[in-house]
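So you can see what is in the structure, the chains are spelled out below.
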Amino acid sequence: MTLRTPDFDPARLEGYLKAQLPELEGAMSVEPIGGGQSNPTYWLRFAERAVVLRKQPAGELLPSAHAVDREHRVMAALGATAVPVPRMLHLCTDRTVIGTLFYLMEGLEGRVIHDSGIPGVAPAERAAMYDSMNDVLARLHQVDWRAVGLEGFGKPGDYFARQISRWTRQWHASKTREIPEIDHLIAWLPGNIPAGDDQTAIVHGDYRLGNLMFHPSEPRVIAILDWELSTLGHPLADLAHNCLLWHATRAMYYGVEDLDQAALGIPSEEDYVRRYCERAGRRDGLTPFHLAFAMFRFAVIFEGIAQRARIGTAAAADAEKVGRLSLDYARRAYALIAG
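Criteria and cut-off values
Residues numbered from 1 in each chain as written. Predicted model: local features only at pLDDT ≥ 70, side-chain atom pairs only at ≥ 80, totals over all residues. Heavy atoms only, no water. Core = buried A, V, L, I, M, F, W, Y, C linked by side-chain atoms within 4.5 Å. Buried < 20%, exposed > 50% of the residue type's maximum accessible area, 1.4 Å probe, protein only. Helix = DSSP H or I, 4+ residues; strand = E, 2+ residues; numbered from the N terminus. Contact = heavy atoms within 4.5 Å. Axes fitted to C-alpha atoms, helices over the stretch in contact; angles between N-to-C directions. Parallel < 35°, antiparallel > 145°, perpendicular 65-115°, else oblique. Left-handed = near helix turned anticlockwise from the far one by under 90°. Nonpolar A, V, L, I, M, F, W, Y, C, P; charged D, E, K, R; others polar. Arc of directions from axis to C-beta. Polar contact = N/O pair within 3.5 Å; in protein donor to acceptor, adjacent residues only side chain to side chain. Salt bridge = Lys/Arg side-chain N within 4 Å of Asp/Glu carboxyl O. Pairing = 2+ DSSP bridges.

Participant: Can you help me understand the nonpolar core in this one?
Facilitator: Proteins that are soluble and globular tend to have nonpolar side chains buried together. Grouped together as the largest cluster of nonpolar side chains are 83 residues, with contacts concentrated most on Leu78, Tyr130, Ile202, Trp227 and Tyr329. Here this core takes 13 residues from helix α9 (residues 288–311), the largest share from any one element. Setting aside anything within four residues of it in sequence, one finds tyrosine 130 in contact with Ser116, Ile118, Leu245, Trp246, Val256, Ile266, Pro267 and Tyr272.

Structure (structure tokens):
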């Protein structure tokens, strides 16, 4: 994949940052960080320090999309909790600096692994990495969002109802073709929300292996990344999204459905959900609704990527190919509810 060229003036950015953060000394170099489909991210390397810049993509954006200011807010709030996040350094809301909102965070050295099969490690280490992913999600959902200053970060209660409405609107705003299965899901989901939609926690919104950073040599998560879809919501929505990897093949955004999970040390979905519920103090688990909702939402996200590929603002070179996955997830979600 070809790394993108910065769509901003590095010299202007360097002058701004050194005025805001005098500790950044020496000449600045810019290095794109590949792999993302959302907000462009860059290493900024100075004489003795490396930091990370994350910005909105250029061009016209869908309403509420690419809210890097929200990413900054939630990670800043979680900085003093047991949830591992990078340290926030600066938020810039002045669009004249590089053309969009952006924030700066401390650079961390670790492993970001997009392939859910986690190649190149022993089964015991792979099992420990899955367990750390599970543990960190449970820890996130147990944070007192009021105590860390996230009042108003989202609306408490009725999460699934509001999300179904939101992603339905997003579908109509971004769709590039007709997908009948999406229409069936839009009709079915609102009337099948399980009881208990009033539960509220901090939800990441895109919790998966590729949005985690692991220690360079140890099988533990040192940071949750990519918080652009975070809000206050139902914890089982996060868990369901995390579990989509068991319902997808390797070709479908690094699923594990077609891998020998036991031989690799990857837990079964049932064991993974059970372990999360033990840690989170829950007696319930996932239902077909939760998984269908997660697939519906993912399908709409992928369709947004396809639309951005058409107008030329997608962050990754393979955005058009990834966007076609919207049909795959829509069909799998419909199969779940159709029996």
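Participant: Please clarify how the packing of helix α5 (residues 180–188) against helix α11 (residues 325–338) should be interpreted in this entry.
Facilitator: Between two packed helices, what matters for the description is the angle formed by their axes and the separation of those axes. Close contact between α5 and α11 brings their axes to 9 Å; oriented N to C, the two are set at 45 degrees. Taken together, α5 and α11 sit at an angle that is classed as oblique. Crossing of α5 against α11: the hand is left-handed. The residues of α11 that touch α5, namely those facing Glu181, Ile182, His184, Leu185 and Trp188, are Leu327, Ala330, Arg331, Ala333, Tyr334 and Ile337. Here the contact of α5 with α11 is built from residues that sort into eight nonpolar, one polar and two charged.

Participant: What should I look at first to understand helix α1 (residues 10–20) in this one?
Facilitator: For an α-helix, 3.6 residues make a turn, and residues three or four places apart therefore share a direction. Within α1 the residues assigned to the buried category are Leu13, Glu14, Tyr16 and Leu17. Around the axis of α1, the buried residues are gathered within 165 degrees of arc, so they sit on the same side. α1 presents Ala11 and Ala19 as exposed residues on the side facing more than 90 degrees away from its buried surface. Buried residues in α1 make contact with β2 (41–45), β3 (50–55), β4 (88–92) and β5 (102–106). Capping the start of α1 is the job of one residue whose side-chain oxygen sits 3.0 Å from the backbone nitrogen of alanine 11: aspartate 9.

Participant: Just to check I follow, could you spell out the pattern of salt bridges for this structure?
Facilitator: For the coordinates displayed, the defined rule picks out 25 salt bridges. Taking the shortest distance from any N to any O, the salt bridge between glutamate 23 and arginine 49 comes out at 3.5 Å. Of this pair, glutamate 23 sits in the loop between α1 and β1 (29–33) while arginine 49 sits in the loop between β2 and β3, and the two are 26 residues apart along the sequence. Note on arginine 49: relative accessible area 22%, which makes it partly exposed. In this structure, aspartate 115 engages arginine 250 in a salt bridge whose closest nitrogen and oxygen atoms are separated by 2.6 Å. Taken together, the residues span a long stretch of sequence, with aspartate 115 in the loop between β5 and α3 (123–141) and arginine 250 in the loop between α6 (235–242) and α7 (261–264) at a distance of 135 residues. The exposure class assigned to aspartate 115 is buried, which follows from its relative accessible area of 13%. A network of salt bridges, in which partner residues are shared, links Asp131, Asp135, Arg139, Asp271, Arg274, Arg275, Glu278 and Arg279.

Participant: What exactly am I supposed to notice about the side chain of serine 116 here?
Facilitator: Tracing the chain through its elements places serine 116 in the loop between β5 and α3. Residue contacts for serine 116: discarding those within four places in its chain leaves Tyr130, Leu209, Leu245, Tyr254, Val256 and Ile266.

Participant: When you look at the sheet that holds β1 in this model, what are you seeing that I'm missing?
Facilitator: Backbone hydrogen bonds hold the strands of a sheet together, and the pairing may be parallel or antiparallel. With respect to topology, five strands assemble into an open sheet ordered β1-β2-β3-β5-β4, the strand pairing being antiparallel. Of all the strands in the sheet, the pair left with one neighbour each is β1 and β4. On average, each strand axis in the sheet is tilted by 25 degrees relative to the strand beside it, whichever way the strands run. In this sheet, β5 lies alongside β3 in antiparallel orientation, the contact comprising five bridges. In the sheet register, lysine 55 faces β5, and the bridge partner there is phenylalanine 102. Relative to the sheet, α1 contacts β1, β2, β3, β4 and β5, its axis offset from that of β5 by approximately 60 degrees.

Participant: What's the story with unusual backbone geometry in this structure? I'm lost.
Facilitator: The bulk of non-glycine residues show a negative phi, and the bulk of peptide bonds are trans. The residue isoleucine 118 is not glycine, and still its phi comes out positive at about 45 degrees. Along the chain, isoleucine 118 falls in the loop between β5 and α3. Relative accessible area serves as the criterion here: at 1%, isoleucine 118 is assigned to the buried category. A positive phi angle, close to 60 degrees, is found at aspartate 226, a residue other than glycine. By secondary structure assignment, the location of aspartate 226 is in the loop between β8 (221–224) and β9 (231–233).

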